[in-house]
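Structural characterization, general
Residues per chain, in single letters:
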Amino acid sequence: MDDLRQKYLGAIAGAADEAALEELRVQAVGKKGEISLKMRELGKMSPEERQIMGPRLNALKDEINSALSAQKAALGDAALNERLRAEWLDVTLPGRPRPRGTIHPVSQVTEEVTAIFADMGFAVAEGPQIESDWFNFDALNIPPEHPARQEHDTFFMSRAEGDDRPPHVLRTHTSPVQIRAMQDQGAPIRVIAPGRVYRCDYDQTHTPMFHQVEGLAIDRDISMANLKWVLEEFCRAFFEVDNVELRFRASHFPFTEPSAEVDIRCSWDGGALKLGEGDDWMEILGSGMVHPKVLKAGGIDPDQWQGFAFGMGIDRLAMLKYGIPDLRAFFDSDLRWLRHYGFSALDMPTLHGGLSR
Ligand code: DAH
């Protein structure tokens, strides 16, 4: 009896899985198990012997049965613990959803431009898209009879009948944000103002709504040299080429004096546009030293302060950088176009992580 007891209790305690346990159960207390066979022998015993052996065999059978269920429970616990350990997950981690949307090239380029200028200390300023005639034109040294007004293909809001004030306009450029930012923040100031602008025009490179980014830097001794450096630095970062070459070409804007348009060296070999090489030049922006009248309209004393401004087309930058031939497709809401030119929904352009991929 003691041998049986030791043999089975030891084996049960060492059983590694449920299959081994079941095998031991059959061997010991199954129909033809060792203990069961012993119990069958009780019939052949004398009544005295039976009285001693019967209870002892029953007790051993009980003991083995409870050892079996204890070990079974222990194995179950161990299996559960192992599973909990293996399937452990950190619910505080952010999810990994598969984004279905893609970032529009205009949004992407706006983020890229903002990241580059933020790195140079420019904050982002904003202004309304429905703008007063004064902010959009007069404050920028474009008085009512100025020919530049005609060039802007302006959308006018309507006034109530009998209201003779000049109508508000859909802003034709982001330049009015210069005035608002100067009035709000005073000098010194360093801002960019990306946003929507509107002109009544429509062809392969013009849409009635498009995007510009304005730049403005005012301080005591800011010069044209600073403007050049900032724009060159911007182009190198934005176009992700080291050998960008810019050409500053004398021009005229009412709100800057002197004024310059900036062209970038490029080639059109084989119909593909390459920047930084070739014999062609492509205009990418307008710029200049802020006109004293504009500083005054912004509430800044032109005898104390001076600075530069520039303005460029965000859509145009996107077309150049990502080789998109037709501006109108930007605003067609065609998902196939977006999937072709769009950007990953979760990639944020940064200077250290890479602007675009
Ligand atoms: N506002 C001009 C336009 O829409 C662009 C521009 C040119 C902005 C020169 C400027 C600048 O700030 O200095 O055509």
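None of these values were measured; they are calculated from a predicted model.

**A word on the overall build of the protein chain**
Helix and strand content of the protein chain: twelve helices and twelve strands. With the C-alpha coordinates aligned to their principal axes, the bounding extent of the protein chain is approximately 135 × 55 × 40 Å. About 20,400 Å² of surface is accessible on the protein chain, with carbon and sulfur atoms providing 51% of the total.

**Structural notes on the pairing of strand β10 (residues 280-290)**
Across a regular strand the side chains alternate sides, sitting on one face of the sheet and then on the other. For β10, a buried count of eight out of eleven residues is recorded, marking the element as mostly surrounded by other parts of the structure. Where β10 meets strand β11 (residues 306-313), five bridges bridge the pair, whose relative direction is antiparallel. By the bridge assignment, G286 is partnered in β11 with G311.

**Focus: the pairing of strand β5 (residues 189-198)**
Extensive coverage of β5 is indicated by the burial of eight of its ten residues. Bridge count for strand β2 (residues 123-124) against β5 is two bridges, and the pairing is parallel. By the bridge assignment for β5, A123 is matched with V191.

**Description of the domain arrangement of the protein chain**
Looking at the protein chain, the domain boundaries give domain 1 (2-86) and domain 2 (105-341). The straight-line distance from the C-alpha centre of domain 1 to that of domain 2 is 88 Å.

**Regarding the site of the ligand**
Taken together, 15 residues lie near the ligand, and H173, S175, R199, Q212 and E214 sit nearest. Contact distances for the ligand include 2.9 Å between a nitrogen atom and a side-chain N or O atom of H173. Contacts to the ligand include R199, whose side-chain N or O atom sits 2.8 Å from an oxygen atom. When isolated, the ligand has an accessible area of 350 Å², and the protein chains bury 90% of it. Of all the secondary structure elements, the ones that give two or more residues to the shell around the ligand are β6 (209-219), β10 and β11. Here the residues of the shell around the ligand sort into four nonpolar, nine polar and two charged.

Rules used throughout
Residues numbered from 1 in each chain as written. Predicted model: local features only at pLDDT ≥ 70, side-chain atom pairs only at ≥ 80, totals over all residues. Heavy atoms only, no water. Helix = DSSP H or I, 4+ residues; strand = E, 2+ residues; numbered from the N terminus. Areas by Shrake-Rupley, 256 points an atom, 1.4 Å probe, with all protein chains shown as cover. Buried < 20%, exposed > 50% of the residue type's maximum accessible area, 1.4 Å probe, protein only. Pairing = 2+ DSSP bridges. Domains from an automatic or database assignment. Near = heavy atom within 4 Å. Polar contact = N/O pair within 3.5 Å; in protein donor to acceptor, adjacent residues only side chain to side chain. Nonpolar A, V, L, I, M, F, W, Y, C, P; charged D, E, K, R; others polar.

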